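# Topology and contacts: notes
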Amino acid sequence: MKIALVGNQNSGKTTLFNALTGMNQKIGNWPGVTIERKEGILKGSDDITVVDLPGIYSLSPYTSEEDVSRRFILDEKPDLIINILDATSLERSLYLSTQILELDCDVVLALNMADILESHGISINIEKLEEKLGVDIVSISAKKKTGIDELIDLIISKTYRKRKQIKIYPKEIEDTIKDFSSDLNIDNKRFVSVKLIEQDKGYRSFLNPSQKEKINKLENDFAMDSEQLIASKRYDFIEALKKECFSKKERKETITDKLDKIFLNKYLALPIFAVVMAFVYFLSIGIVGGFMTPLIEVFFNGASPEEAVEFNILFTKLEASIDFIGLSPLVSNWLTSINASPWAVSLVCDGVIAGVGSILTFVPQIIIMFICLSILETTGYMSRIAFFLDRIFHKFGLSGKSLIPFIVGTGCSVPGIMSCRIVEDQNERDTSIILTPFMPCSAKLPVIALFSSAFFPKTGWIVTLSFYFIAIAIILLFGALFKKFIFKGEHSSFISELPEYKAPSFSYVSRDVFDKSFSFIKRAGTIILLCSIVVWFLSSFTFTFTYIDGVHATINDSMLAGIGNVFAWVFYLMLGGNYSWAATVSAIQSLIAKEQVISSMTVIANVSGEDALFAAGSPFAFFNSWSAFAYLTFILFSAPCFGALGAMRKEIGSFKKFAFGVVFQTGIAWILSTAIGLIGWGVMA
């Protein structure tokens with residue numbers, strides 16, 4: 001038996017899917033698209049498969065998600081559809097339900113968050129609603145896991161009401177549906193007939209002249225086009241349902257109402273948002289980073305009481321004497337004791353441990369940032385800031401819909417780019433795809449943290465926050481320019497349901513943070529590890545394969561130095577007049593993964609004989625605060641990693657637009673960073 005889980009976005013559908021299937025899940029992609037596909041086995045059964053369809057608002061394919069859901073329902077013909085109704089936005093949820101009920105499939109409605117509705121003074125006569133819709137309705141709370149067992153029992157026992165199509169339109173439309181259905185010899189006759197009347201783009205070509213004439217008559221009789229007519233009559237039916245099945249008491253002002261007066265206040269909303277994001281980076285970079293990063297560095301590199309370990313926390317420098325040998329020295333001593341060759345010791349310690357360890361040093365900061373952003377999302381705050389910023393974005397050629405990819409992109413640019421599908425307008429979608437990688441993602445955070453701790457030890461979180469706002473400024477400026485000169489046309493509006501403020505779900509936050517953190521760590525153990533070994537090899541041998549031992553050959557004679565010297569002129573101005581092959585090759589590697597910059601720099605420094613990145617004998621000793629900020633600017637805003645580039649190429653479709661996007665991103669990064677470097681060069685001269 002196959003069950004399809006269908007519902008609006010943010011209706012609790014994924015939470016219900018997790019509750020119905022537990023750990024019996026597998027995740028992949030739908031054929032032909034990169035939208036995530038989730039399947040699982042229903043608890044208490046061996047052969048009942050639950051498929052979590054993408055969150056949608058209708059079965060008219062205006063988006064990729066709606067197209068996937070409609071094709072699955074029509075082509076794979078599930079045995080049962082569980083339609084999730086969000087009790088806090090029933091009108092919108094029931095609009096999708098009226099479409100689902102036109103199919104031949106059996107349907108069960110799961111009424112989610114009814115308890116929240118009751119707290120607003122609204123009660124639902126479920127028995128009467130079941131009678132009007134001809135289906136079973138189970139009241140649940142996906143978050144609190146109430147009603148789940150009842151829903152599972154109903155599915156397994158198969159005692160739910162069998163398909164009973166209801167008539168929801170005026171007689172003239174119902175007669176036309178009946179007439180169209182009689183000419184069809186396919187499944188889902190009523191659904192297809194309604195789509196023919198709507199002149200849905202998927203069925204428009206099947207209309208014959210007689211049917212077009214009947215549709216024209218309906219349009220003339222009701223004085224509206226057919227698509228608008230069907231939508232209007234659906235809402236008329238929903239309004240009638242609400243009058244018969246809903247009762248409302250006068251309610252007091254809720255906590256959500258009171259909070260929205262503050263968070264959506266036209267004068268306070270933006271300053272509050274700035275303070276919230278400042279706190280996120282202050283916590284992750286300033287407090288956790290200032291304390292945990294030195295400790296993890298000690299774990300990998302060791303420390304001696306003679307050289308105190310520095311902790312930069314809350315604008316304060318603290319010092320502590322720690323006596324710990326460290327993983328890298330411990331392994332180095334062991335390899336030396338078994339007579340391993342110098343290059344083997346260097347490979348393991350300077351290549352593998354230094355390369356991967358330099359990334360893992362920043363895991364605590366990444367985890368804290370993920371926790372903060374996940375909490376902001378689950379409480380409902382992010383939906384509100386997207387709603388508020390829609391007014392501002394419109395002035396710059398974007399809508400609030402574009403803000404969703406930008407927010408998602410703070411975690412990772414790949415899903416951020418993929419989420420641009422929610423933008424219907426093609427020009428606006430292309431703009432969003434190109435601009436999304438400018439947002440500082442989690443892979444960029446370690447790079448910021450590295451330079452901040454070295455050159456801005458007490459104000460690193462402010463530097464981090466500044467890049468966030470520089471990214472917003474770039475997005476708004478070029479969103480407006482693209483609208484005016486490149487991607488011209490009318491842009492779409494943003495429609496969003498503002499959810500109730502909720503206490504963050506511990507289970508959701510923990511799972512979300514674990515998934516994202518594990519993905520980050522996995523990159524360190526795969527891509528970063530491989531790249532670190534390649535960097536070590538190229539920096540440890542000359543073109544004649546002579547090992548760099550510091551006596552017969554130095555790192556400046558290495559293959560990596562030779563490659564870097566060819567391109568170093570590109571970075572000459574931004575680095576304050578320093579011709580650095582080491583900084584050049586590290587920047588180029590940011591195309592593989594942004595955090596690879598740290599790994600590359602660490603390996604190069606270690607091979608050169610310096611454990612400290614910016615020590616006097618290191619290839620990176622020339623960096624100062626200005627050149628560090630300029631270099632960071634280029635790394636953060638140039639073309640994203642290969643994974644994000646692949647997503648850009650797939651989502652934008654046109655290679656010409658893709659190439660323009662890559663050149664544009666890298667060009668803006670170079671111009672901005674070079675300007676900063678030149679100013680710094682003049683100031684420091």
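Predicted model only: the values in this text are computed from it and were never measured.

Procedures and definitions
- Residues numbered from 1 in each chain as written.
- Predicted model: local features only at pLDDT ≥ 70, side-chain atom pairs only at ≥ 80, totals over all residues.
- Heavy atoms only, no water.
- Helix = DSSP H or I, 4+ residues; strand = E, 2+ residues; numbered from the N terminus.
- Buried < 20%, exposed > 50% of the residue type's maximum accessible area, 1.4 Å probe, protein only.
- Contact = heavy atoms within 4.5 Å.
- Areas by Shrake-Rupley, 256 points an atom, 1.4 Å probe, with all protein chains shown as cover.
- Core = buried A, V, L, I, M, F, W, Y, C linked by side-chain atoms within 4.5 Å.
- Expected span 1.5 Å × (residues − 1).
- pLDDT = per-residue confidence, 0-100.
- Phe/Tyr/Trp six-rings, centres within 6.5 Å; stacked < 30°, edge-to-face > 60°.
- Lys NZ or Arg CZ within 6 Å of the ring centre and 35° of its normal.
- Pairing = 2+ DSSP bridges.
- Right-handed = clockwise from strand over helix to strand, strands pointing away.
- Salt bridge = Lys/Arg side-chain N within 4 Å of Asp/Glu carboxyl O.

Assigned secondary structure in the protein chain consists of 29 helices and eleven strands. When burial is assessed residue by residue, the protein chain has 54% of its 685 residues classed as buried. By sequence separation, contacts in the protein chain at least 24 residues apart represent 69% of the contacts at least 6 residues apart. With the model as given, the accessible surface of the protein chain reaches about 30200 Å², and the carbon-plus-sulfur share is 61%.

Our next topic: the nonpolar core. With 108 residues, the main nonpolar core has Phe 451, Ile 604, Phe 623 and Tyr 631 as its most contacted residues. The element contributing the most residues to this core is helix H21 (residues 460-486), with eleven residues. In this structure, Tyr 631 is in contact with Phe 451, Met 574, Leu 575, Ala 583, Ser 586, Ala 587, Val 597, Met 601 and Phe 623, ignoring residues within four places of it in sequence. Ala 4, Val 135, Phe 191 and Phe 246 belong to the second-largest nonpolar core, a separate cluster that totals 53 residues.

Attention now moves to helix H15 (residues 363-379). Relative to the 24 Å expected for 17 residues at 1.5 Å per residue, H15 spans 24 Å between its end C-alpha atoms, a close match to the ideal helical length. Within H15, twelve of the 17 residues are buried, leaving the element largely enclosed by the surrounding structure. Restricting attention to buried positions, one finds in H15 the residues Val 363, Pro 364, Gln 365, Ile 366, Met 369, Phe 370, Cys 372, Leu 373, Ser 374, Leu 376, Thr 378 and Thr 379. Just beyond H15, the residue with positive phi is Gly 380, at close to 100 degrees.

Per-residue pLDDT for the protein chain has a mean of 81; in total, 89% of the residues score no lower than 70. Of the regions scoring below 50 in pLDDT, residues 29-34 engages in 20 contacts with residues more than four places distant in sequence or in other chains. Across residues 491-495, confidence stays below pLDDT 50; counting only partners more than four residues off in sequence or on other chains, it has 23 contacts.

What follows covers the packing of aromatic side chains. Across all of its chains, the model carries 31 aromatic pairs by this definition. A ring pair is formed by Phe 660 and Phe 664, whose centres lie 5.9 Å apart and whose planes are at 20 degrees; its orientation type is stacked. Of the two residues, Phe 660 and Phe 664 both sit in helix H29 (residues 655-684), four residues apart, roughly one turn of that helix. Aromatic rings pair up to connect Phe 438, Phe 467, Phe 478, Phe 482, Phe 629, Phe 637, Phe 660 and Phe 664 into one cluster. If you follow Arg 234 out to its NZ or CZ, it ends over the ring of Tyr 95, 5.8 Å from the centre.

With that out of the way, let us pick up the pairing of strand E8 (residues 136-140). In terms of burial, E8 is a largely internal element, four of the five residues being buried. As paired strands, strand E6 (residues 106-112) and E8 are joined by five bridges and run parallel to one another. Note that in E8 the partner of Ala 110 across the bridge is Val 138.

With respect to burial, E6 is a largely interior element, seven of its seven residues being buried. Side-chain alternation along E6 places Asp 106, Val 108, Ala 110 and Asn 112 on one buried face and Val 107, Leu 109 and Leu 111 on a second face that is also buried. With seven bridges joining them, strand E5 (residues 80-86) and E6 adopt parallel strand pairing. Along E6, the bridge assignment pairs Asp 86 with Asn 112. A crossover connection joins E5 to the parallel E6 through helix H3 (residues 90-100); in handedness this β-α-β unit is right-handed.

In this structure, Ser 638 sits in the loop between helix H27 (625-637) and helix H28 (642-652). Classification of Ser 638 by relative accessible area gives buried; the value is 5%. Taking C-alpha positions, Ser 638 is 9.9 Å from Ser 673, a pair spaced 35 residues apart along the chain. Not counting residues within four places of it along the chain, the set of residues in contact with Ser 638 comprises Ser 590, Lys 594, Gln 665, Thr 666 and Ala 669.

Our focus in this paragraph is the pattern of salt bridges. This structure, assessed with the given rule, holds 16 salt bridges. Taken together, the salt bridges that share partners define one network made up of Glu 130, Asp 136 and Arg 161.

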